[in-house]
Amino acid sequence: MFLGFTGPNASGKGEAIKYLVEKHKFVSYSLSDILRSELKSRGIEINRDNLISIGNELREKHGPGVLAKLTVEKIKNMPQAVIDSIRNPYEIEELKKNLKDFKLIGINADIKVRYERARKRGREGERDISFEEFVSKEEKENSSSLTAQQLYKCFEMADFKIDNSGNINDLYNELDKILKDLNYKPYTRPTWDEYFMKMAYLVAERSTCIRHHIGAVIVKNNYVISTGYNGAASGVKDCIELGCLRDQMGIASGTRHEICRAIHAEQNAIIQAALHGATTENSTLYCTHSPCILCAKMIVNAKIKKVIVSKYYPDKSYEDLFKEAKVEFKIMERPDLKINILD
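A quick note: this is a predicted structure, and the numbers were derived from the prediction, not measured.

Novice: Could you clarify how one ought to interpret the side chain of Thr-280 in this entry?
Specialist: Counting through the fold element by element, Thr-280 comes out in the loop between α13 (265-275) and β10 (284-287). Residue Thr-280 is classed as buried on the basis of its relative accessible area, which comes to 10%. When near neighbours in sequence (up to four residues on either side) are disregarded, Thr-280 contacts Ile-218, Ala-273, Ala-302, Lys-303 and Ile-304.

Below, the structure written as structure tokens:
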């Protein structure tokens, strides 16, 4: 989820973003960061007037959406971020076009309230500013030029609008309400179980079975020992090439396991561990599906102590065997298979 903020000076955008970063684990980016970097490279003092001036210059030279375009390249592969300093309608269009689920939040407050806030926070050029000067500076941020700042127009384009004339808790409540309306779910690192099960589904993509794609991963002390998927023996023709023998004979899933060209995923994982000299004793097997009775017997004799799956296979005869052999069995919800990374 990507949230953008627009609004006039001292309306509370910074406090809103700070809250989203600290409580809801968003990562913060500002279009003004690009302007600050440009001013620094030119040896120009970083203040509000110079930021406005350099922003207008860059938009004039490279197009009105340039700041948003450069920011998108930094964050487009992130799961969630919040973007500050949106001051031109073309920036909004650029963000909406290139960021999935982007929503713009406009924050405003009574101008006298904002004036007092600006003086209180005491930034350079704001401590001793008169109310008239404050109003005059604000008018400069509402040009009719396509390449200049147009804060009023940006506020009109907001998907959500907040009147932040009240206290800080009112602002937080409004933000929480917006997140609830958007069904926001924060990004979290996958647990070890989710991590290895997600890996099992990746392994399953190598399957050559045309009935079920099944993947297995054997793990010990959070270290991958081996992997396996269901498919024909190495060096022989598989079911993709020859067709499914079980389908041809009308054999129901979960029965007559011996009539099949494929070696099951769990069996292949155990075989690969043995082939490469890795012990499976006291390990955990993650598999997309629960085991058939043949795989269950091998799991017991391989001294695997825990089996975690996310889907049931029709053969349930492993249950009594696992109970007797004290092999822990757990079924978990299939993890989100989307890869979420910072790139």
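Now that the structure is up, let's keep going.
Novice: So what exactly am I meant to see when it comes to the side chain of His-289 here?
Specialist: Note on placement: His-289 falls in the loop between β10 and α14 (293-301). His-289 sits in the buried class, given a relative accessible area of 7%. A distance of 2.8 Å separates a polar atom in the side chain of His-289 from a polar atom in the side chain of Thr-288. When neighbours within four sequence positions are excluded, His-289 is seen to be in contact with His-213, Ile-214, Glu-266, Val-309, Lys-311, Tyr-312 and Tyr-313.

Novice: Looking at this model, I keep getting lost on a negative patch on the surface. Mind explaining?
Specialist: There is a patch of like negative charges on the surface, built from Asp-110, Asp-163, Asp-170 and Glu-174. Of note, Asp-170 is situated in helix α9 (residues 168-181). For Asp-170, a relative accessible area of 40% translates into the label partly exposed.

Novice: Looking at this model, I keep getting lost on the environment of Val-66. Mind explaining?
Specialist: Checked against the element boundaries, Val-66 lands in helix α4 (residues 66-75). A sequence separation of 198 residues divides Val-66 from His-264, and the C-alpha atoms of the two residues are 54 Å apart. Residues contacting Val-66, with those up to four places away along its chain left out, are Leu-58 and Arg-59.

Novice: Teacher, can you tell me more about unusual backbone geometry here?
Specialist: Where the residue is not glycine, phi is negative for most of them; where a peptide bond is considered, it is trans in most cases. A positive phi angle, close to 65°, is found at Lys-25, a residue other than glycine. Position of Lys-25 relative to the elements: it lies in the loop between α1 (13-24) and β2 (28-30). One non-glycine residue, Asn-222, lies in the positive phi region at around 60°.

Novice: Mind showing me how you'd approach the sheet that holds β2 here?
Specialist: Sheets are built from strands that pair by backbone hydrogen bonding, the pairs being arranged parallel or antiparallel. Taken together, five strands build an open sheet; the order of strands is β2-β3-β1-β4-β5 and the sheet is parallel. Of all strands in the sheet, those with a lone pairing partner are β2 and β5 (160-163), marking the two edges. The sheet shows a mean angle of 25° between the axes of neighbouring strands, direction not considered. For strand β4 (residues 102-108) and β5, the ladder comprises four bridges, and the chain directions are parallel. Opposite Ile-107, over in β5, you have Ile-162 as the bridge partner. On the sheet, α9 packs against β1 (2-6), β4 and β5 and is oriented at approximately 165° with respect to β5.

Cut-offs and rules
Residues numbered from 1 in each chain as written. Predicted model: local features only at pLDDT ≥ 70, side-chain atom pairs only at ≥ 80, totals over all residues. Heavy atoms only, no water. Helix = DSSP H or I, 4+ residues; strand = E, 2+ residues; numbered from the N terminus. Buried < 20%, exposed > 50% of the residue type's maximum accessible area, 1.4 Å probe, protein only. Contact = heavy atoms within 4.5 Å. Polar contact = N/O pair within 3.5 Å; in protein donor to acceptor, adjacent residues only side chain to side chain. Patch = residues over 30% accessible without salt bridge, like charges linked within 9 Å, V, L, I, M, F, W, Y side chains within 5 Å. Areas by Shrake-Rupley, 256 points an atom, 1.4 Å probe, with all protein chains shown as cover. Salt bridge = Lys/Arg side-chain N within 4 Å of Asp/Glu carboxyl O. Lys, Arg positive; Asp, Glu negative; His and termini not counted. Charge placed at Lys NZ, Arg CZ, Asp CG, Glu CD. Pairing = 2+ DSSP bridges. Axes fitted to C-alpha atoms, helices over the stretch in contact; angles between N-to-C directions.

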